[in-house]
Structure formats: structure tokens, C-alpha cells
Amino acid sequence: MESNALILTVTASSIVALLFLIVKLKFQPFLALILVSLAAGLAIGMAPQDLLAFVVKSMGGTLGFVALIIGLGSMFGEMLRVSGGSERLALTLIHKCGDRSVPWALGLVGFLVSIAVFIDVAIVILVPLIYGIARRTGKSLLYYGIPLCAGLSVTHTFLPPTPGPIATASILGADLGWVIIWGVIAGLPAMAVAGPIFGKFISNRIFVPVPEYMVQGESKFDDPSKLPAFRGVVLVLLLPLALILSNTTAEMLLPEGNLLRDVLMFVGNPIIALLLTTLLTFWVFGHNRGFSADQLQKIATKALEPAGIIILITGAGGVFGKVLVESGVGKILADAMQDMNMPLVLFGFTTAAIMRISQGSGTVAMITGASLTAPVAQLLGASPQMLALCTIAIACGGAAFSHVNDSGFWMANRYFGMSVSDTLKSWTVMKTIVGLTGLAICLVISLFIQ
């Protein structure tokens, strides 16, 4: 009992210290995670030299897979952005839809674009596209903006190769094919409810005109014919998902030693899938469209700048999680969950949501939630399908409850020209609906898998 009390005290103190460093002292999350991991390791009695070796080993083990995926995904997304692929997708879907269907098209645009492009970059690119539509129809900007941002939010937090689900799946040891399957099943309804449905509701209650100070940032297309082909953009966006799913499908349906199985599992490995997609994107949208070798090199280099800190935070989160595993907190939490009859997916959501509310970053919330959920899932013998479902539940917790300590909140506030109060009523509620709708679907699915 004394040992259990010590472990729980160390775990609780570590989480409080992490929040204090990030929220109050404004520490960079990477530094905060490393410092708290070292303190937790010493507190549970690890020898200093052994602890340092453990940290180095844990950091390397976490990043071996994640760094490659995030790096390749960042280059893929940057090439798509620079070539105008995101704009082509948005313009084509908007032009093909009637006024009533535009919100649904914008939700789909957000869902597809965020597969490759980070959400903050996607907001900068895509939100100005809807200014002209809002002025022409006279509707509130929220009628179009909320569906777009809901689609962006869902994919950014639910689907690989974006950093949050990649990091969470890596810590939990979840199969990315199943993560994609559950992410789509939970994500599309979440996008529909939080996007077009809620967007229509809130736009009837809050009228948001196009902000005058943002008009100069509105995208203008003198010659849209110079943008990439719509079909090519869609195919490139779906290619990595299709390849990864082929890996999971081949493993399930084809016998070992089958040549087709070996081929599909190789090209469907997430690293190979992203590598092939990135090379194809640079060739089709870069080389074939007149970009020089020097320009392509600069695009690839620029793409890795924001990826660097995400990779380090992910690695530090993995260290924190492994220190907690070493402490034995997993067994204590598993016993407590069984006593309370709490589903594993609800536990993952709750831990991520608490971190999300406390410190703002969805990625940090997901990594911390995964670090606490991983040892519990291992002790409970969770199946590959359940591990993937927990990844989505944790993503739901990382998506919900965005408020004033989240950078995304302030991006929405600026690009929609809203007051803080209206941003809370629209953006925060939209993000919370995404998380809660996704969680509800995860809970239903969890009834049918182990």
C-alpha cells in the first residue's frame, strides 16, 4: 500500500509540475516534459546514471518511427500548399455545389486538406476563400467557416499522418490502419454535427461579417487554370491512406508467405507509404509544374522547420510515458478503472481532455493521455483494434474544449474577426462537439471489440 501511495503521489506530482512549467512559467513543452521525466524517475528511486541511459533509450525508441512519418508528412503537405493544391480542392468543390451544399463541401475540403497540411497553415490558406462567398450571400461568416474548421479539426486530430495521432498511436503501439478506419468512422459524423449542422445553428444566432482588416488577405485567383488538377490533388491526398489500409487488409486476409501479402505490407508500411506519396507529390506538383531543383530543396527544408519541435515534443512525451510505466502506475490505474467499471476509451479521453483544458496544446494533451493509457491498455490485454480505438478517443479529448490558452482559438478569433465571447460560443463549442461526438462513437464501437 505504501508503494502504491508513493507511485500515485509521484504521478500526480509529475502532472501538476508539468502543467505548472507549461502554463505558469511558460516553459517550452519539450523542456517541461524532459525535466518532469527526470524528476519522476529520481522520485521513484531510479539511479541517476541508469535514469539518463533510460531517457536516451526511450527518446530514441519513440522517435525511430515518428520522426520519419512526421518529417515526410510535413514535406508532402508543404509541396501541396506551395503548388496551390489546397486552393484547387476548395475552389472546385465550392463551384460544383449549390449554396445549400457549400457548408458540406467546405467540411469535406477541411477533412481532405488537413490530411497533409497543418491546421494553422490550412486556416491561413482556406478561410480567406470563403470571404467572397459570405459577402455575396449576405450570410454570417460562421455559416461557412465553422464547417471548414470542423473538417480541419477532425482530420488534424483523428487521422495520420498528422503529428497528434501518429504520436499517440506510437506510444500505444496501435496499428495505423485501424487508426485510419476508426478515425474515418468517428470523424465524418463528428465533422457533420460540429460543422454544417452546428454552423447553421450558430450562424442564425451570431452574425459575423467579413472582417475589414482581413480583406487584403483574401486570396485572388487571376488564372485558376494554373492551379493543379482537382483529380490529381484528391488522388495524392488519399494515396497514403489507401496504402496504409492495404497493409492492414493484407495482414488480415492473406496467408503468410503470399507474395501479394508481402508486397502490400511493404508498400503499405506507413514510412514507405509516406515516402512514395512525398516523392510523387514533388514530381507531379513540383518538377512537372516548373519548380527547379533548388526551389524543391528549399520547400522541403522549410517544411521540416515546424516539424522539428513537434518531433522533439513527441519524443519527450514518449520518455515521460515510459518513466510512468517504469513506476508501475499502470497496474494501479488499471485496478482503479476496473473498480469504477470505467471503459478504457473513456479513461483515455478523460486524461487527454484534462490536459487539454489545463495547458491548451492538443498535441501535448494527446501525448500525455497516451502515456497514461498505454500501461493500462497493456495490462488489460487490449486488442489491436482497441488500441487504435483508444488512439481516437484520446484524440477526441485533445480536440475538445479549446479556449483562451489554445493558439487555434486566437487564429479563429482573428480570421473571423470575432469578440472573445463569440469565439467561445462558436469555435470552442465546435471543437467540443467534435470531441464529444467522436467519443460517443468510440464508446459504441468499444461495445463490440475487446
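Residues numbered from 1 in each chain as written. Predicted model: local features only at pLDDT ≥ 70, side-chain atom pairs only at ≥ 80, totals over all residues. Heavy atoms only, no water.

### A look at the overall build of the protein
Reasoning step 1: Within the protein, the secondary structure is distributed over 20 helices and zero strands.
Reasoning step 2: For the protein, the accessible surface area stands at approximately 18,600 Å², while carbon and sulfur atoms represent 66% of it.
Reasoning step 3: Side-chain charges in the protein split into 25 positive and 21 negative, and the spacing between the mean points of these groups amounts to 11 Å. (Helix = DSSP H or I, 4+ residues; strand = E, 2+ residues; numbered from the N terminus. Areas by Shrake-Rupley, 256 points an atom, 1.4 Å probe, with all protein chains shown as cover. Lys, Arg positive; Asp, Glu negative; His and termini not counted. Charge placed at Lys NZ, Arg CZ, Asp CG, Glu CD.)

### Description of helix α11 (residues 230–253)
Reasoning step 1: Relative to the 34 Å expected for 24 residues at 1.5 Å per residue, α11 spans 33 Å between its end C-alpha atoms, a close match to the ideal helical length.
Reasoning step 2: Along its length, α11 shows its largest kink, about 35°, at L239, and proline P240 lies within four residues downstream of that point. (Expected span 1.5 Å × (residues − 1). Bend = angle between axes of the 7 residues up to and from the residue.)

### Considerations on the confidence of the model for the protein
Reasoning step 1: Per-residue pLDDT for the protein averages 84, and the proportion of residues at 70 or more is 95%.
Reasoning step 2: For the stretch residues 216–221, pLDDT sits under 50, and the model shows 13 contacts to residues farther than four places along the chain or on other chains. (pLDDT = per-residue confidence, 0-100. Contact = heavy atoms within 4.5 Å.)

### Things to note about a nonpolar patch on the surface
Reasoning step 1: Residues V404, W410, V420 and L424 make up a contiguous nonpolar surface patch of roughly 310 Å² in combined accessible area.
Reasoning step 2: Note that W410 resides in helix α19 (residues 407–416). (Patch = residues over 30% accessible without salt bridge, like charges linked within 9 Å, V, L, I, M, F, W, Y side chains within 5 Å. Salt bridge = Lys/Arg side-chain N within 4 Å of Asp/Glu carboxyl O.)

### Points about the packing of helix α8 (residues 141–158) against helix α10 (residues 176–203)
Reasoning step 1: Two numbers describe how α8 lies on α10: the axes approach to 8 Å, and their chain directions differ by 160°. One way to sum up the angle between α8 and α10 is to call them roughly antiparallel. As for the relative orientation of α8 and α10, their crossing is right-handed in sense.
Reasoning step 2: A class-by-class count of the residues in the contact of α8 with α10 yields 15 nonpolar, six polar and one charged. (Axes fitted to C-alpha atoms, helices over the stretch in contact; angles between N-to-C directions. Parallel < 35°, antiparallel > 145°, perpendicular 65-115°, else oblique. Left-handed = near helix turned anticlockwise from the far one by under 90°. Nonpolar A, V, L, I, M, F, W, Y, C, P; charged D, E, K, R; others polar.)

### Quick look at the side chain of S426
Reasoning step 1: Inspection of the secondary structure assignment puts S426 in helix α20 (residues 420–446).
Reasoning step 2: Beyond its immediate stretch of four places on either side in the chain, S426 contacts L142, I146, F198, I202 and M418.

### What to know about the packing of helix α16 (residues 344–359) against helix α18 (residues 384–399)
Reasoning step 1: At a minimum axis separation of 7 Å, α16 and α18 run at an interaxial angle of 30°. If you check the angle between α16 and α18, you find them roughly parallel. For the element pair α16 and α18, the recorded crossing hand is right-handed. Residue-level contacts link L344, V345, G348, F349, A352, A353 and R356 of α16 to M386, L389, C390, A393, I394, C396, G397, G398 and A399 of α18.
Reasoning step 2: A per-class count over the contact of α16 with α18 returns 12 nonpolar, three polar and one charged.

### Details of unusual backbone geometry
Reasoning step 1: At F401, a position not held by glycine, the phi torsion is positive, near 65°.
Reasoning step 2: With respect to the helices, strands and loops of the structure, F401 is situated in the loop between α18 and α19.

### Overview of the packing of aromatic side chains
Reasoning step 1: In this structure the tally under the stated criterion is four aromatic pairs.
Reasoning step 2: In this arrangement the basic side chain of K139 is found over the ring face of Y143, its NZ or CZ atom lying 4.7 Å from the centre. (Phe/Tyr/Trp six-rings, centres within 6.5 Å; stacked < 30°, edge-to-face > 60°. Lys NZ or Arg CZ within 6 Å of the ring centre and 35° of its normal.)

### Here we look at the side chain of S140
Reasoning step 1: Positionally, S140 belongs in the loop between α7 (131–137) and α8.
Reasoning step 2: A distance of 3.0 Å separates a polar side-chain atom of S140 from the backbone oxygen of I206.
Reasoning step 3: Not counting the four nearest positions on each side in its chain, S140 is found in contact with S203, I206, F207 and V208. (Polar contact = N/O pair within 3.5 Å; in protein donor to acceptor, adjacent residues only side chain to side chain.)

### Some words on helix α2 (residues 29–43)
Reasoning step 1: End to end, α2 covers 21 Å across 15 residues, agreeing with the expected 21 Å (1.5 Å per residue, within 8%).
Reasoning step 2: Where α2 is concerned, the buried positions are P29, A32, L33, I34, V36, S37, A40 and G41. (Buried < 20%, exposed > 50% of the residue type's maximum accessible area, 1.4 Å probe, protein only.)

### Considering the environment of A105
Reasoning step 1: You can see A105 is positioned in helix α5 (residues 102–113).
Reasoning step 2: Relative accessible area serves as the criterion here: at 6%, A105 is assigned to the buried category.
Reasoning step 3: A sequence separation of 39 residues divides A105 from Y144, and the C-alpha atoms of the two residues are 9.6 Å apart.
Reasoning step 4: Those residues in contact with A105 that sit more than four places away from it in its chain are L93 and C97.

### A look at the environment of V429
Reasoning step 1: Along the chain, the position of V429 falls in helix α20.
Reasoning step 2: Linking V429 and S74, residues 355 residues apart in sequence, is a C-alpha distance of 29 Å.
Reasoning step 3: If we skip the residues at most four places from it in the chain, V429 touches F198 and L424.

### Here's the deal with the environment of F65
Reasoning step 1: Structurally, F65 is set in helix α3 (residues 48–83).
Reasoning step 2: Separated by 37 residues in the primary sequence, F65 and V102 have C-alpha atoms spaced 39 Å apart.
Reasoning step 3: Setting aside its immediate chain neighbours within four residues, F65 contacts L176, P270 and I271.

### Here's the deal with the state of the cysteines
By definition, a disulfide links the sulfur atoms of two cysteine residues through a covalent bond.
Reasoning step 1: Across all of its chains, the model carries zero disulfides by this definition.
Reasoning step 2: Unpaired in this structure, C390 has its nearest cysteine sulfur neighbour in C442, at a distance of 8.5 Å.
Reasoning step 3: Counting only cysteine sulfurs, C396 is the nearest neighbor of C442, a cysteine outside any disulfide, at a range of 4.7 Å.
Reasoning step 4: Judged by its relative accessible area of 0%, C442 is buried. (Disulfide = S-S within 2.5 Å.)

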